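Chain residues, written in single-letter form:
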Amino acid sequence: MAEGRGELLPQPPLHLSLPPASKRPCLRPAPRGPGPGPGPGFPNSRFRCPESLLDCAAKAVAEKWAFERVEERFERIPEPVQRRIVYWSFPRNEREICMYSSFQCRVAGEEGPVVGSSSSVGSGTVPGGVTNTPGSAGTGGTGDGLPFRRGIRLLETGCVDNVLQVGFHLSGTVTEPATQSEPETTHKVAISFDRCKITSVTCGCGNRDIFYCAHVVALSLYRIRKPEQVKLRLPISETLFQMNRDQLQKLVQYLITAHHTEVLPTAQKLADEILSSNSEINQVHGAPDPTAGASIDDENCWHLDEEQVREQVKQFLSQGGYYGSGKQLNSMFAKVREMLRMRDSNGARMLTLITEQFMADPRLSLWRQQGTGMTDKCRQLWDELDHVPTACARVDALRSHGYPREALRLAVAIINTLRLQQQRQLDIYKHQKKELLQRGMTNTTNLEGWVGHPLDPIGCLFATLTETCRVEDDNTMDTGDSGEPKPPVYQHVPVWGCPDGGESYLALALEVALMGMGQQRLMPEGLYAQDKVCRNEEQIVAKLQEMELDDILVQTLRKQAILLLEGGPFSGLGEVIHRESVPMHTFAKYLFTALLPHDTDLAYKLGLRAMRLPVLESTAPSGDVGHPHHGISIVPSRYPRWFTLGHLESQQCELASTMLTAAKGDMLRLRTVLEAIQKHIHSSSLIFKLAQDAFKIATPADNPPDITLLNVALELGLQVMRMTLSTLNWRRREMVRWLVTCATEVGLRALVSILQSWYTLFTPTEATSIVAATVMSHNTILRLSLDYPQREELASCARTLALQCAMKDPQNCALSALTLCEKDHIAFETAYQIVIDAASTGMTYSQLFTIARYMEHRGYPLRAFKLASLAMTHLNLAYNQDTHPAINDVLWACALSHSLGKNELAAIIPLVVKSVHCATVLSDILRRCTMTAPGLAGIPGRRNSGKLMSTDKAPLRQLLDATISAYINTTHSRLTHISPRHYGEFIEFLSKARETFLLAQDGHIQFAQFIDNLKQIYKGKKKLMMLVRERFG
């Protein structure tokens, strides 16, 4: 094979570049290849024969030596030896494949989130930085969108085929299954490797990113897990060496025939150069072989697409700021740290690329020249590259460069220093406690927060200390039924050099995390910094939740919790804190849950103390301007610019909900938590959510309700009603309905209470249409199983409410009040009188007509007539409003009057004549009145003559005259601005007018005179007048 290697000539662009990936623990032991297998009598068992000396030597050589060095060292290498070296040169650890196929991956001691955590890198990307293209779409928080996870899924579903290893080159096809939107696609994948590292990748999916795509992952894992199923061949140069001239010619011609469109130009060019004695190709000994492995001079490192690293940084700097946008950069730096921990040279290489791209940004020099500050995004990058707390930077550096013992010693020293600092702060507070408690506010604060710092000092210390306590497991990458990696398992390891041996690194890790999280510090300025505080806090809490608390850890937890409560202004859980301190809700929720089984009183004390949110509870006192660099305090506005305030309030709500749930059945604790909620939570929506949560927990489906928790839910609901009574809230109707439901579950007294105090909780409309109506419904009566006196008490309260609401808002509540008072004569009469009194001033014709119809429906036609008459006085129908919505009400009112008798009809006709000026409506009323005799309603005590009414006598004569007059006026109005296309419609209108004229005794004469007048007045409209003459003479 020595002759099979030479200087590479320029090649045609036949390959596709592919994204690189990320590292994670191996999911299974490295499989064994051809060679020693299970011993006799133990098929497929875990008992295996020892590896052969050949395999032991081949593994060592394959990992450390370039194959060119082996060729130079030995004149002849037997084929079996070559095969074993080639076999063992492929990467053996799935952890390394994972590290290069996703941004986030947890190995031993890793600070970042576990594989599968949601890590959106930016718009259009999925976790791992892979662009959302067909076949690489990301998913939510399960991690299925990570290239490594998708690669495993492709492998396990049999999507990998045609796998062939030729020397140091692996190829195969990976089929992407069809989806609803995309057909099935097959991608050709090729991987080159050397010394157990992948040195280049090519995939037909065309996906470009920093890390490997899922297809490369699938092929790599196939080779690691199923090496016995991979066809293994020596480098192609060895195969060619065994062929004679005829065989070589046949191979070349068949190759050209199979791929003539791609390789024919290149083949002809190479042939011309070989045939030319003076060509450059003939000056080089041997020929290149892409399957023969790397040369001695080649750098042995994993494939990393440098251009894509630069592109990612460039895109990050060009993106606008938004909540959570720093995840991409955080993920890139986490990957750098992960590579450095694994002693991977690409860590330093990637950091260099990031730095160079940042320094090459043209805006940097512009900011220097203008003396202006950086944007948030550039400041974030600058913080990552430039400033870190010295001590933790040293710890991280020692770990990254392979000095774990020294890193541990330094971490312990830092914690001892923090303990001394904490004790000094306690001593200072003891001397100031009385004064601070009297003032209730403090300017004292820690100027630099540990949580949310650019390089996460608390996370660094925690990872350093827990790394040595972690119980290694060969199956650490196996997942449970949920698809998530199993949480780490820790054990206590005594602190080296500790005099009494009573401390463990695990307890120190918990202690430093609690100290860092409990540190009182000001909320930083800017979206990026505030976002980082929240995210870092959540990450640390997630790691703490993975620790199983034993007696030692519980003791540490209790001790540190007490110190935080007594820490004064230096603790976020102290009695007095700065107004703009970072809230402790997320941290306190963890402390409460962890302490509750062991020290209930301490748990509640912590939780209640942490409920406060001072920035929303008071204005800053004059002169309290905070530290010089925190300019928010001097802004006149009550609230500083907290971009994450909504998130913080939701965390406050989560803490309250956790305490409510835990206090179920304990009236004293529930009352204490309720008071804290009412004092500290200022969002009606969040209080409503708490009320709903409490109600749900208090009313389990298969158990009797918890009355204490139900009362808390009701109290919270009442507070929501009071908070939103005078403000607009789109959920207000839902809130009112829910409160009635909750009060119903509590019982009769609760319903009576909200009915009696309705004016402090509801608007009149809500009280009558929702509250009282629901309370009086048949379902509510059945639900409460009320006896007759109880039903009467409830009904009496509802009627009283209805009358009060009708007095306050008759326009919107009168009808509901009448409905609620139907069964009580006195109350009904009172409600009716309220309507009559309000009719002349405060009510519209539409409202009065609606109530009038209701009265007729309930059997009060005379009252309906009175209300309809009142409604008519508010109505004004113009001549051209022949489609007005009130027309049906007018017709109904006239029909009602006609049915009651001649007197009622005579009473309403003057109102109609006065209010209605539309000729067609008046003629319709006139026609209906002449069709039947009046008085058909059959009112007791009245006689019905049964005779049709004449239009020549009152009251219809007045209506007829008004109708004729309306037709005349309307005709003149229409002729003022009529167009030829309306002539036909106008002639029909005159025909209807003639029908009305003819109802009068001299109607034909009147109509003829009317037509003559039209002809004389509008003789200029010759065409129209011609049509009039043709129809009417």
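Being a predicted model, the structure only gives us computed values, none of them experimental.

**Student:** Is there a simple way to think about the overall build of the protein in this case?
**Tutor:** The helix and strand tally for the protein stands at 43 helices and seven strands. In the protein, which comprises 1033 residues, the share counted as buried stands at 49%. Partitioning the contacts of the protein with sequence separation of at least 6, the portion at a separation of at least 24 is 72%. Surface exposure of the protein reaches about 49,800 Å², of which carbon and sulfur atoms provide 53%.

**Student:** Would you mind showing me how to read the environment of V216 here?
**Tutor:** Summarising the element assignment, V216 is placed in helix 6 (residues 214-225). Judged by relative accessible area, which is 0%, V216 ranks as buried.

**Student:** What is the right way to look at the packing of helix 28 (residues 732-746) against helix 29 (residues 748-756) in this model?
**Tutor:** Describing two packed helices takes the angle between their axes plus the distance from one axis to the other. Running from N to C, helix 28 and helix 29 cross one another at 140°; their axes reach a closest spacing of 5 Å. By the angle class used here, helix 28 and helix 29 are oblique. Contact residues: helix 28 offers V740, A743, T744 and V746, while helix 29 offers A750, L751 and I754. The residue inventory of the contact of helix 28 with helix 29, partitioned by class, reads six nonpolar, one polar and no charged.

**Student:** It is not clear to me how empty space enclosed by the protein should be interpreted in this structure. Could you clarify?
**Tutor:** Unoccupied space between atoms shows up once a probe the size of one water molecule is rolled over them. A complete count under the given rule lists three cavities of 30 Å³ or more for this structure. Every residue lining the largest cavity is counted, 15 residues in all, and those nearest its centre are Q422, Q425, M515, Q519 and F570. Secondary structure elements with two or more residues in the lining of the largest cavity: helix 16 (404-439) and helix 20 (551-565). Examining the composition of the lining of the largest cavity, we find that five residues originate from one element, helix 16, more than from any other. Considering only residue class, the lining of the largest cavity consists of seven nonpolar, eight polar and no charged.

**Student:** Please explain the sheet that holds strand 5 (residues 185-194) as it appears in this structure.
**Tutor:** Within a sheet, neighbouring strands are paired by backbone hydrogen bonds and run either parallel or antiparallel to one another. Taken together, five strands build an open sheet; the order of strands is 6-5-4-3-7 and the sheet is mixed. A strand with exactly one partner marks an edge of an open sheet, and here the two such strands are strand 6 (197-203) and strand 7 (231-233). Between one strand axis and the next, the sheet turns by 20° as a mean value, whatever way the strands run. Packing of helix 3 (residues 79-88) onto the sheet brings it into contact with strand 3 (160-166), strand 5 and strand 7, and relative to strand 7 it is tilted by some 125°.

**Student:** I keep staring at unusual backbone geometry and nothing clicks. Help me out?
**Tutor:** Negative phi is the rule for most residues except glycine; trans is the rule for most peptide bonds. Backbone geometry places R195, a non-glycine residue, at a positive phi of 50°. Along the chain, the position of R195 falls in the loop between strand 5 and strand 6. Of note in the backbone geometry, S785 takes a positive phi value of approximately 55° without being a glycine. As for its placement among the helices and strands, S785 is situated in the loop between helix 31 (778-784) and helix 32 (788-808).

**Student:** What am I meant to see in the packing of helix 35 (residues 845-857) against helix 36 (residues 861-873) here?
**Tutor:** Two numbers describe how helix 35 lies on helix 36: the axes approach to 8 Å, and their chain directions differ by 170°. Considering their axes alone, helix 35 and helix 36 lie roughly antiparallel with respect to each other. Together, Y845, L848, F849, I851, A852, M855 and E856 of helix 35 and R863, A864, L867, A868, L870, A871 and M872 of helix 36 make up the contact between the two elements. Of the residues in the contact of helix 35 with helix 36, the class split is 12 nonpolar, no polar and two charged.

**Student:** Hey, could you run me through the packing of aromatic side chains in this one?
**Tutor:** Each aromatic ring pair is characterised by the separation of its centres together with the angle its planes make. Counted by the stated rule, this structure contains 16 aromatic pairs. Their ring planes at 25° and their centres at 5.9 Å tell us that Y100 and Y212 sit as a pair that is stacked. In this pair, Y100 is assigned in the loop between helix 4 (94-99) and strand 1 (125-126) and Y212 in the loop between strand 6 and helix 6, connecting sequence segments 112 residues apart. Judged by relative accessible area, Y100 falls into the buried class, the value being 0%. Its end group placed over the ring of Y87, R223 keeps NZ or CZ at 4.7 Å from the ring centre. Note that R974 overlies the ring of F989, its terminal NZ or CZ placed 4.8 Å from the centroid.

**Student:** Would you mind showing me how to read the pairing of strand 3 here?
**Tutor:** Each regular strand displays side chains that alternate between the two surfaces of the sheet. Taken together, the five bridges between strand 3 and strand 4 (residues 169-176) define a ladder with antiparallel strand orientation. If you follow V166 over to strand 4, its bridge partner there is H169. With three bridges joining them, strand 3 and strand 7 adopt parallel strand pairing. By the bridge assignment, Q165 is partnered in strand 7 with L232.

**Student:** Looking at this structure, I do not really get the nonpolar core. What am I missing?
**Tutor:** Core analysis: the biggest nonpolar cluster contains 192 residues, and L465 and F762 have the highest contact counts within it. The element best represented in this core is helix 18 (residues 505-517), accounting for 11 residues. In contact with L465, other than residues within four places in its own chain, are L408, A411, V412, I415, Y505, L508, A509 and V512. The next biggest cluster of nonpolar side chains, apart from the first, holds 58 residues, and it includes A58, L219, W302 and L353.

**Student:** Before we go on, may I ask you to explain a nonpolar patch on the surface in this structure?
**Tutor:** Nonpolar side chains collect at one region of the surface, where I236, L240, L248 and L251 lie side by side and expose about 270 Å² of accessible area between them. Going through the elements one at a time, helix 7 (236-241) and helix 8 (245-258) are the ones with two or more residues in the nonpolar patch. Relative to the assigned elements, L240 resides in helix 7.

**Student:** Help me out: how do you make sense of the environment of K664 in this one?
**Tutor:** One can find K664 in the loop between helix 24 (645-662) and helix 25 (667-680). Of the residues examined, K664 reaches a relative accessible area of 36% and is grouped as partly exposed. Separated by 43 residues in sequence, K664 and I707 place their C-alpha atoms 9.5 Å apart. For K664, the contacting residues outside a window of four places in its chain are L670, I697, D706 and L709.

**Student:** How should I be thinking about helix 39 (residues 919-931) in this particular structure?
**Tutor:** At 3.6 residues per turn, the α-helix brings residues three or four places apart onto the same side. Here helix 39 is 13 residues long and its end C-alpha atoms lie 19 Å apart, about the 18 Å a rise of 1.5 Å per residue gives. By the burial criterion, the buried members of helix 39 are A919, V921, L922, S923, D924, I925, L926 and C929. In this structure, the buried side of helix 39 is in contact with helix 37 (887-900), helix 38 (902-915), helix 40 (956-976) and helix 41 (983-997).

**Student:** Can you help me understand the side chain of Q425 in this one?
**Tutor:** Note that Q425 resides in helix 16. With a relative accessible area of 13%, Q425 lands in the buried category.

**Student:** What exactly am I supposed to notice about the pattern of salt bridges here?
**Tutor:** Oppositely charged side chains may form a pair once their charged atoms are brought near each other. By the definition in use, this model includes 40 salt bridges. Close ionic contact of R669 with D666 constitutes a salt bridge, the shortest N to O distance being 3.7 Å. Residue D666 is classed as partly exposed on the basis of its relative accessible area, which comes to 32%. Here R974 and E985 are joined by a salt bridge, their closest N and O atoms 3.2 Å apart. Taken as a pair, R974 in helix 40 and E985 in helix 41 lie far apart in primary sequence, 11 residues in all.

**Student:** Help me understand the pairing of strand 4 in this model?
**Tutor:** Of all the eight residues making up strand 4, six are buried; the element is thus mostly covered by neighbouring parts of the structure. Hairpin connection of strand 3 to strand 4: two residues between the antiparallel strands, including G167 at a positive phi of 60°. As defined by bridge partners, strand 4 adjoins strand 5 across eight bridges and the pair is classed as antiparallel. Bridge assignment links S171 to a residue of strand 5, and that residue is A190.

**Student:** What am I meant to see in the side chain of R799 here?
**Tutor:** One can find R799 in helix 32. Judged by relative accessible area, R799 falls into the buried class, the value being 13%.

**Student:** Where do I start with helix 6 in this structure?
**Tutor:** In a regular helix each residue adds 1.5 Å, so 12 residues correspond to 16 Å; helix 6 covers 16 Å between its end C-alpha atoms and thus fits that length. For helix 6, the full list of buried residues reads A214, H215, V216, V217, A218, L219, S220, L221, Y222, R223, I224 and R225.

**Student:** Would you explain the environment of H169 in this entry?
**Tutor:** With respect to the helices and strands, H169 occurs in strand 4. Residues within four places of H169 in sequence aside, it is in contact with L164, A190, I191, S192, F193 and T291.

**Student:** What is the right way to look at the confidence of the model for the protein in this model?
**Tutor:** The predicted structure's coordinates, where accompanied by low pLDDT, should not be read in detail. Confidence in the prediction of the protein, expressed as mean pLDDT, is 80, and 82% of residues score 70 or more. The low-confidence segment residues 105-142 (pLDDT under 50) makes 119 contacts with residues lying over four places distant or belonging to another chain. With pLDDT under 50 throughout, residues 619-637 is counted as low confidence; its partners more than four residues away or in other chains account for 29 contacts.

Scoring rules and cut-offs
Residues numbered from 1 in each chain as written. Predicted model: local features only at pLDDT ≥ 70, side-chain atom pairs only at ≥ 80, totals over all residues. Heavy atoms only, no water. Helix = DSSP H or I, 4+ residues; strand = E, 2+ residues; numbered from the N terminus. Buried < 20%, exposed > 50% of the residue type's maximum accessible area, 1.4 Å probe, protein only. Contact = heavy atoms within 4.5 Å. Areas by Shrake-Rupley, 256 points an atom, 1.4 Å probe, with all protein chains shown as cover. Axes fitted to C-alpha atoms, helices over the stretch in contact; angles between N-to-C directions. Parallel < 35°, antiparallel > 145°, perpendicular 65-115°, else oblique. Nonpolar A, V, L, I, M, F, W, Y, C, P; charged D, E, K, R; others polar. 1 Å grid on protein atoms, 1.4 Å probe; cavity = no way out; pocket = protein on both sides within 12 Å on 5 of 7 lines; lining within 4 Å. Points joined across faces, edges and corners; volume = space filled by probe spheres on them. Pairing = 2+ DSSP bridges. Phe/Tyr/Trp six-rings, centres within 6.5 Å; stacked < 30°, edge-to-face > 60°. Lys NZ or Arg CZ within 6 Å of the ring centre and 35° of its normal. Core = buried A, V, L, I, M, F, W, Y, C linked by side-chain atoms within 4.5 Å. Patch = residues over 30% accessible without salt bridge, like charges linked within 9 Å, V, L, I, M, F, W, Y side chains within 5 Å. Salt bridge = Lys/Arg side-chain N within 4 Å of Asp/Glu carboxyl O. Expected span 1.5 Å × (residues − 1). pLDDT = per-residue confidence, 0-100.

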